[in-house]
Amino acid sequence: MTTASRISAAVKGAGAAAKDAGVHSAAVSGAAASGVLMLALPALTAPALAQAITAVGLLAVAVSLTGRWPPAGTLAATAAIAQCVIAQPATALIAADGLLILGYLLLADAPRHTRSPATRRWLGAQLPGIMAAIPVTGAVLAAITRPAAPSAWIALAGIAAAAAAYLIAIPRQPHPPS
Amino acid sequence: MSGAPPRPGSATAAAAAPGAAKPAPAAGLYPLRWRPAPRARRLATVTLIALVAALATGRAPLLLLAAPALTALAVAPRGSRPGQIEAGAAVTAARCFEGEEFELRVTVRSPGLLDEIAMRLAIPGAFELAGGGAAQAAAVSTGARGRWPLRARRWGRHRPGTVRIVCRAAGGMWQAAVGIVPAAVEVFPAARARASLVPVDLLQRIGEHTGRAIGAGAEFAGIRPYAPGDRLRDINWTVTGRRGQLHVNQRAAERAADLVVMIDAFSHTGPPGDSTLDLAVRGAAGLANAYLRAGDRVGAVALGGMLRWLAPAASGRQFYRIVETVFEIRTDSAVTPDLDRIPRTALPPGALAVVFSPLLDDRAVAALADLRERRFPVVVVDVLNTEPTVSRPRPADALALRLWRLDRAALRSSLAGQGIPVVTWDGSAGLDAALAPLRRLPILARRR
């Protein structure tokens, strides 16, 4: 192997490493942006007391992106929900916040130490979840904003539907192979 | 292999050791036990918290926080997850010297598509990463390959860590983990030394050491009158001219030596990798290697635990046999060694015994006296490189330390009185420098 080919291989290797780091950095940047926005949107209308929750949430976002403490992601999302409860922002803002929480939770899970094409494939695999969440959020938003007469039956049906959806959605142990 | 012993530091010297064939990758099928992944738990938790918040506050818009996460959970692929994966781990060298590098390779194959295959190597203290990180991964794939360049730090037979493989499937909602333990790597102690300690009683075998007997060597040994049969080229013309009679130069015979390296494993102190036992093993290996290069016969005796010995031999394989004997050393023993148990072939008369010891255990000191009584030329290499630490400098502590030093000096003096020279080697400099004071004269087997 000549010196020129060695240098060429080293340059190619460094280029590939930079490319790999670039795609992963994009995923991490996306997660960071989603995390900051999901906390910042409700914080715009939140009282001063709730800003402490923003600070805790931002810290949790930062920790979750390092991948050192897995519960940090859940904590950051919980902080965003708590802010929405306290700040009571507009319904459209809450809908956007829900989507941002989802985006943050999915992107914060991006695999580390993978090559660029693999990270791209992984990012592509996340699209169906996000694409499905957008119309569902729109439908829920439309249902909520539509004026309806208050009814205990509707409330009960809503709770039952949410519980059923939750039970259907959460993963279950697979059947043992036959 | 019957050639010369290896040169420590050469990249593939240890790999070329007898029986050091390339290790076959230990591939095997590992059953997967799937559990909900952190992602699924996270989404479910966020959904639950948002639902509870909506119900508790009576504010329907908060359901909008739960809807996206719930949808992501619901649309996650429910495809079949593989029940097992095929994984294997192999190292590029089953044997190496301290400081040398090798590569650990792990291959994972799955019968079905996996969202992520993450591999993390937990490295024991005997090795260190020579580059890259401990974690490697593949995404959206049916297989993954991991490569970790490792550097051996400490002699011994060690496994280069455990590789934890985490597989995620079904949109990252399920995960299963397996652990792979690669085959052990034999790390040989690396130490360089040049043998030059020569016992008086050498073997009747041609070697590289200058003996006392007259022979056909290169070293000048004396002058004597010419006798019929002497070679003409041995005539010393200067002396012949002065004396008026033919005189010839005599030359010393070049003989081989027997060396038995002994390692005192009764006690050891110091940090891992730099303990007295580590120093003793490195020194013994270096000396053995140097003597074997000179064509001498070298044996080994491990004092400590079960008494182990290896009869002196001169082949290139002997170095590896010695190291393997050393690998079996155990330090947890209360047994006093009985040198009578060592057969005569393992400790031949006149063999030079070089004992690497911290001189901390009375049993080792008794063994030295026993050797000397058997008229073996003995040299002790004191490998104690630390002193008792004093936490707070109190007068009593300082006095105790001084007494301890005096006790050590008395012990060394006592050994010297028995005809056992003691040299100190703390590993900071080469072994040759420590042995230099003993090189001036051959090691005598003094009669008592």
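Residues numbered from 1 in each chain as written. Chains lettered and ligands numbered in written order. Predicted model: local features only at pLDDT ≥ 70, side-chain atom pairs only at ≥ 80, totals over all residues.

**So, the overall build of chain B**
The condition is simple: For the purposes of this entry, the term helix denotes a DSSP run of H or I that reaches at least four residues, the term strand denotes a run of E that reaches at least two, and both are numbered from the N terminus. Contact between two residues is assigned whenever their backbone-derived C-beta positions fall within 7 Å.
The number of helices and strands found in chain B is eight helices and 19 strands. In chain B, the share of contacts with a sequence separation of at least 24, taken over all contacts with a separation of at least 6, comes to 75%.

**Topic: the domain arrangement of chain B**
Worth spelling out the cut-off: An automatic or database domain assignment is the source of the domain bounds shown.
Taken as a whole, chain B is organised into domain 1 (14-32 + 82-188), domain 2 (38-74), domain 3 (217-252) and domain 4 (258-438). Once you take the C-alpha centre of each, domain 3 of chain B and domain 4 of chain B turn out to be 44 Å apart.

**What to know about the sheet that holds strand S17 (residues 352-357) of chain B**
All names here are of chain B. Condition: The pairing criterion is simple: DSSP has to find at least two bridges between the two strands. Interaxial angle, 0 to 180 degrees, is taken between N-to-C directions of lines fitted to C-alpha atoms, where a helix line uses only the stretch in contact.
One open sheet accounts for six strands, arranged S16-S15-S14-S17-S18-S19; its pairing is mixed. Sheet topology places strand S16 (308-313) and strand S19 (422-424) at the edges, where each strand pairs with a single neighbour. Each neighbouring strand pair of the sheet contributes to a mean axis angle of 20°, computed without reference to strand direction. Relative to strand S15 (residues 297-303), strand S14 (residues 258-264) is paired through seven bridges, and the arrangement is parallel. Opposite Val260, over in S15, you have Gly299 as the bridge partner. Across the sheet, helix H6 (residues 362-373) lies against S14, S15, S17 and strand S18 (378-382), angled at about 160° from S18, the strand it touches most.

**Concerning the environment of Glu86 of chain B**
As for its placement among the helices and strands, Glu86 of chain B is situated in strand S3 (residues 84-91). Filtering out sequence-adjacent residues up to four positions away, Glu86 of chain B remains in contact with Ala27, Leu29 and Arg109 of chain B.

**Focus: the sheet that holds strand S8 (residues 156-158) of chain B**
Backbone-to-backbone hydrogen bonds pair the strands of a sheet. The strands run either parallel or antiparallel. Residues and elements named next belong to chain B. Here we have three strands laid out as an open sheet, ordered S4-S11-S8, and mixed in their pairing. Looking at which strands have only one partner, the edges of the open sheet turn out to be strand S4 (95-97) and S8. The sheet shows a mean angle of 25° between the axes of neighbouring strands, direction not considered.

**Looking at the environment of Ala80 of chain A**
Residue and element names in this part refer to chain A. Note the cut-off: Buried, partly exposed and exposed are defined by the number of other C-beta atoms within 10 Å of a residue's own C-beta, namely 20 or more, between the two limits, and 12 or fewer respectively, with C-beta atoms placed from the backbone.
On the secondary structure map, Ala80 appears in helix H3 (residues 71-87). Overall, Ala80 belongs to the buried group, with 30 C-beta atoms counted inside 10 Å. For the pair Ala80 and Val56, spaced 24 residues apart in sequence, the C-alpha to C-alpha distance is 10.0 Å. Aside from chain neighbours lying at most four places away, what touches Ala80 is Met38, Leu39, Pro42, Gly57, Asp97 and Ile101.

**Let's talk about the interface of chain B and chain A**
For clarity, the cut-off: Side-chain classes are defined by residue name, with Ala, Val, Leu, Ile, Met, Phe, Trp, Tyr, Cys and Pro counting as nonpolar, Asp, Glu, Lys and Arg as charged, and the others, Gly among them, as polar.
With 49 residues of chain B at the contact, the number on the chain A side is 46 residues. Mapped onto the side of chain B that touches chain A, the elements with two or more residues apiece are helix H1 (38-57), helix H2 (63-75), strand S5 (101-122) and strand S7 (135-152) of chain B. Sort the elements by how many residues they give to the side of chain B that touches chain A and H1 of chain B lands first, with 14 residues. Residue classes in the side of chain B that touches chain A are distributed as 34 nonpolar, ten polar and five charged.

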